Amino acid sequence: MEKVTIVGLGYIGLPTAIICAQSGYKVSGFDIDQDKINKINKAISPILETGITEKLKKIIKSGNLKASNNINKANIFLVAVPTPFIIKNKKNNNLNKIKQVDLSYVFNAAKEISKVLEKNNLVILESTVSVGATEKFAKILEKHSGLKLSKDFYVAHCPERVLPGKIFEELTNNNRVIGGICPKASELAKKFYSKFVMGNILITDAKTAEMTKLIENSYRDVNIAFANQVAAMANSAGINPYKLIDLANMHPRVNILTPGCGVGGHCIAVDPWFLVSSFPKDSLLLKTARDINDKKPEIIIKNILKLSKTFYKKNKVIPKILSLGLTFKPDIDDLRESPALKISKKLNLQKKKLKLSVFEPNINKIILDNLDFKNFNNLREAINWADIILILVSHDIFFELKNINLKDKIIIDESGLIYRMYKN
Ligand code: SAJ
């Protein structure tokens, strides 16, 4: 049985460890978080993901996956550690405050693996990294292990591309891009992934693989920024942006995305920075897109404050505002980097100007209480309470609004829900 050690048991590492164990590898999961290790070994998932609980139970019972804070020897190592960004101030440069990738977790993983690296091992880096980082990662392995890169051991980059909520499905079905430091590394990595990937496995070099991932997420960010600018122009012209985009999308070669309250999550708002910081001169569009999407929450807050002022002038009472949806996108329970959460938190501080409540059926009441939000667990009650309804995330469940009397309510829809609701 081939042995695999997965370094980093987070949103990508743990599901990958489970899939590897299911496909016949003997898997050891390495993490520095003892609490996480204990949970996994007791078959309790530390992350929320569709289907993970049952899968983890089965695999732990089989004995083919074990988590540890000791790095174990293996034939194949797979690194899936976080790559956050750090803010760098570049004075006298119009790219003030650029964000740069923090590769410290990746490099620490290389040092850790070096302790047990042996001849003929393959090391795969899955974390999203800047262009050229896999080569640096490989050099650290070489330096600390004393083994010769591409002769004694092999290194490849294979960026993860899965969508939270659909991780198991996408780990199996998505096409994968593999970039080896040398052709033999690509060939070995292809053999490894072939055991569980049903999609196409495409071979290239490490740098191209790194950049593929970065341009995928930048492409999406730029397209969302375009949609957000279209919405701003349409609103100024008194045109419904969602209807406008729908009409434009009737063209066979046009597919404009949906304007929203900003870009959240931990990928699309982060990855473009890895290109902007590496190629400042040639990434102006990416930087502008980041700025447009980052500013969206502030624009919404400003508009709501303006509306609250008008409401007060007219009614002599401050308005009761209901935020609908707090997660970073529809129909998930993930609040990370959520623009809807950011908007609601900031509005909640304006207690002299407005009263805020939230309705977020995907988040536990205890969490909402801890965030200091007055919250409802019934949509009808929440709507009855409010003067202004601010729709931030278009969860499917909000289509129920169709059956609720919205007369006398001021509706600000930043998600396109109302348009979609009455479209057909
Ligand atoms: N959003 C809009 N308008 C849209 C689409 C999205 O405002 O039309 C917003 C969402 O509300 C959300 C943000 O953008 O706040 C990002 O959502 P998303 O669904 O586009 O992406 P993520 O972050 O959940 O997952 C992405 C995926 N990348 C692409 O679709 C290119 C996924 O495949 C990657 O694996 C993941 O990032 C990652 O790990 O990089």
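Up top is the structure.
Residues numbered from 1 in each chain as written. Predicted model: local features only at pLDDT ≥ 70, side-chain atom pairs only at ≥ 80, totals over all residues. Heavy atoms only, no water.

Undergrad: Explanation requested: the overall build of the chain in the structure shown.
TA: A tally of regular secondary structure across the chain gives 15 helices and 15 strands. At 24 Å, the chain has a C-alpha radius of gyration in line with the 22 Å of a compact globule built from 424 residues. Considered along the principal axes of its C-alpha atoms, the chain spans approximately 75 × 50 × 45 Å. Within the span of the chain, comprising 424 residues, buried residues form 51% of the whole. For the chain, restricting intrachain contacts to residue pairs at least 6 apart in sequence, the fraction spanning at least 24 positions comes to 68%. Of the roughly 21100 Å² that the chain leaves accessible, carbon and sulfur atoms contribute 53%. Charged side chains of the chain number 65 positive and 41 negative; the gap between the two group centres comes to 4 Å. (Helix = DSSP H or I, 4+ residues; strand = E, 2+ residues; numbered from the N terminus. Rg over C-alpha atoms; globule rule 2.2 N^0.38 Å. Buried < 20%, exposed > 50% of the residue type's maximum accessible area, 1.4 Å probe, protein only. Contact = heavy atoms within 4.5 Å. Areas by Shrake-Rupley, 256 points an atom, 1.4 Å probe, with all protein chains shown as cover. Lys, Arg positive; Asp, Glu negative; His and termini not counted. Charge placed at Lys NZ, Arg CZ, Asp CG, Glu CD.)

Undergrad: Would you mind going over the site of the ligand with me for this structure?
TA: Around the ligand lies a shell of 20 residues, among which Val162, Asn217, Arg220, Thr258 and Phe328 are the nearest. Contact distances for the ligand include 2.5 Å between an oxygen atom and a side-chain N or O atom of asparagine 217. In the model, an oxygen atom of the ligand is placed 2.8 Å from a nitrogen or oxygen of the glycine 264 main chain. Here the shell around the ligand takes five residues from helix H8 (residues 206–236), the largest share from any one element. Both domains that meet at the shell around the ligand, namely domain 1 (3–83 + 100–206) and domain 2 (247–263 + 296–422), each give it at least three residues. (Near = heavy atom within 4 Å. Polar contact = N/O pair within 3.5 Å; in protein donor to acceptor, adjacent residues only side chain to side chain. Domains from an automatic or database assignment.)

Undergrad: Whenever I open this one, a nonpolar patch on the surface confuses me. Can you help?
TA: Side chains of Met211, Ile215 and Phe279 sit close together on the surface and give an oily, nonpolar patch of about 250 Å² of accessible area. The topology assignment puts isoleucine 215 in helix H8. (Patch = residues over 30% accessible without salt bridge, like charges linked within 9 Å, V, L, I, M, F, W, Y side chains within 5 Å. Salt bridge = Lys/Arg side-chain N within 4 Å of Asp/Glu carboxyl O.)

Undergrad: Sorry if this is basic, but what is going on with the pattern of salt bridges here?
TA: Two side chains bearing opposite charge may form a pair once their charged atoms approach each other closely. In total, this model carries 18 salt bridges according to the counting rule given. For aspartate 294, the salt bridge is made with lysine 99, and the minimal N-O distance between the two is 4.0 Å. Of this pair, aspartate 294 sits in helix H11 (residues 284–315) while lysine 99 sits in strand E6 (residues 98–101), and the two are 195 residues apart along the sequence. Aspartate 294 sits in the partly exposed class, given a relative accessible area of 31%. Of the charged contacts, one joins lysine 148 and glutamate 142 as a salt bridge, the two residues approaching to 3.4 Å between their closest N and O atoms.

Undergrad: What am I meant to see in the sheet that holds strand E12 (residues 355–359) here?
TA: Pairing between the strands of a sheet comes from backbone hydrogen bonds, and it takes one of two forms, parallel or antiparallel. With parallel pairing, five strands are arranged side by side in an open sheet as E13-E12-E11-E14-E15. Both edges of this open sheet fall to strand E13 (374–375) and strand E15 (410–413), since each of them pairs with a single strand only. Note that strand E11 (residues 320–324) and strand E14 (residues 388–391) share four bridges and pair parallel. The partner of leucine 324 across the bridge, within E14, is isoleucine 391. Sitting on the sheet, H11 touches E11, E14 and E15, and the angle it makes with E15 is about 170 degrees. Along the sheet, helix H12 (residues 339–348) makes contact with E11, E12 and E14, crossing E12 at roughly 150 degrees. (Pairing = 2+ DSSP bridges. Axes fitted to C-alpha atoms, helices over the stretch in contact; angles between N-to-C directions.)

Undergrad: Teacher, can you tell me more about the environment of isoleucine 201 here?
TA: On the secondary structure map, isoleucine 201 appears in strand E10 (residues 201–205). Classification of isoleucine 201 as buried rests on a relative accessible area of 13%. In sequence terms isoleucine 201 and valine 131 are 70 residues apart; their C-alpha atoms lie 20 Å from each other.

Undergrad: Looking at this structure, how should I read H8?
TA: An α-helical turn contains 3.6 residues, so a residue and the one three or four places further along point in the same direction. Compared with an ideal rise of 1.5 Å per residue, which puts 31 residues at 45 Å, H8 spans 46 Å between its outermost C-alpha atoms and is within 8% of the ideal. Two or three places before lysine 207, at the opening of H8, aspartate 205 has a side-chain oxygen 3.3 Å from that residue's backbone nitrogen. A positive phi of about 75 degrees marks glycine 238, the residue just after H8. (Expected span 1.5 Å × (residues − 1).)

Undergrad: It is not clear to me how the packing of aromatic side chains should be interpreted in this structure. Could you clarify?
TA: How two aromatic rings sit relative to each other is set out by the distance from centre to centre and by the angle between their planes. Enumeration according to the criterion identifies six aromatic pairs in this entry. Measuring from ring centre to ring centre gives 4.9 Å for phenylalanine 192 and tyrosine 193, while their planes differ by 70 degrees; the resulting arrangement is edge-to-face. Residue phenylalanine 192 shares its accessibility class with tyrosine 193, and that shared class is buried. Members of the aromatic cluster, each reached through a chain of ring pairs, are Tyr25, Phe192, Tyr193 and Phe196. In this arrangement the basic side chain of lysine 55 is found over the ring face of phenylalanine 168, its NZ or CZ atom lying 4.9 Å from the centre. Stacked on the ring of tyrosine 25, the Lys or Arg lysine 195 has its end atom at 4.5 Å from the ring centre. (Phe/Tyr/Trp six-rings, centres within 6.5 Å; stacked < 30°, edge-to-face > 60°. Lys NZ or Arg CZ within 6 Å of the ring centre and 35° of its normal.)

Undergrad: I would appreciate a short explanation of the packing of helix H10 (residues 271–278) against H11 in the present structure.
TA: Between two packed helices, both the angle of their axes relative to each other and the distance between the axes serve to describe the pair. For the pair H10 and H11, interaxial distance at closest approach is 9 Å and the crossing angle is 140 degrees. In this view, H10 runs oblique relative to H11, as classed from their interaxial angle. Considering how the two elements wind past one another, H10 and H11 form a crossing that is left-handed. Contact residues: H10 offers Pro272, Trp273, Leu275 and Val276, while H11 offers Leu286, Lys287 and Arg290. Residues of the contact of H10 with H11, tallied by class, amount to five nonpolar, no polar and two charged. (Parallel < 35°, antiparallel > 145°, perpendicular 65-115°, else oblique. Left-handed = near helix turned anticlockwise from the far one by under 90°. Nonpolar A, V, L, I, M, F, W, Y, C, P; charged D, E, K, R; others polar.)

Undergrad: Where do I start with the environment of serine 357 in this structure?
TA: Structurally, the position occupied by serine 357 is in strand E12. A relative accessible area of 0% means that serine 357 is categorised as buried. C-alpha of serine 357 to C-alpha of asparagine 293: the two residues are 64 residues apart in sequence and 25 Å apart in space. Residues contacting serine 357, with those up to four places away along its chain left out, are Ile321, Leu322, Ser323, Lys374, Phe376 and Trp385.

Undergrad: Sorry if this is basic, but what is going on with helix H9 (residues 241–248) here?
TA: Along H9, the positions that sit buried rather than exposed are Pro241, Tyr242 and Ile245. Down the axis of H9, the buried set is contained in an arc of 100 degrees. They therefore lie on one face. Contacts from the buried residues of H9 go to H8, E15 and helix H15 (417–423). At the N-terminal end of H9, a side-chain oxygen is found 2.8 Å from the backbone nitrogen of tyrosine 242, two or three residues along, and the residue is asparagine 240. (Arc of directions from axis to C-beta.)

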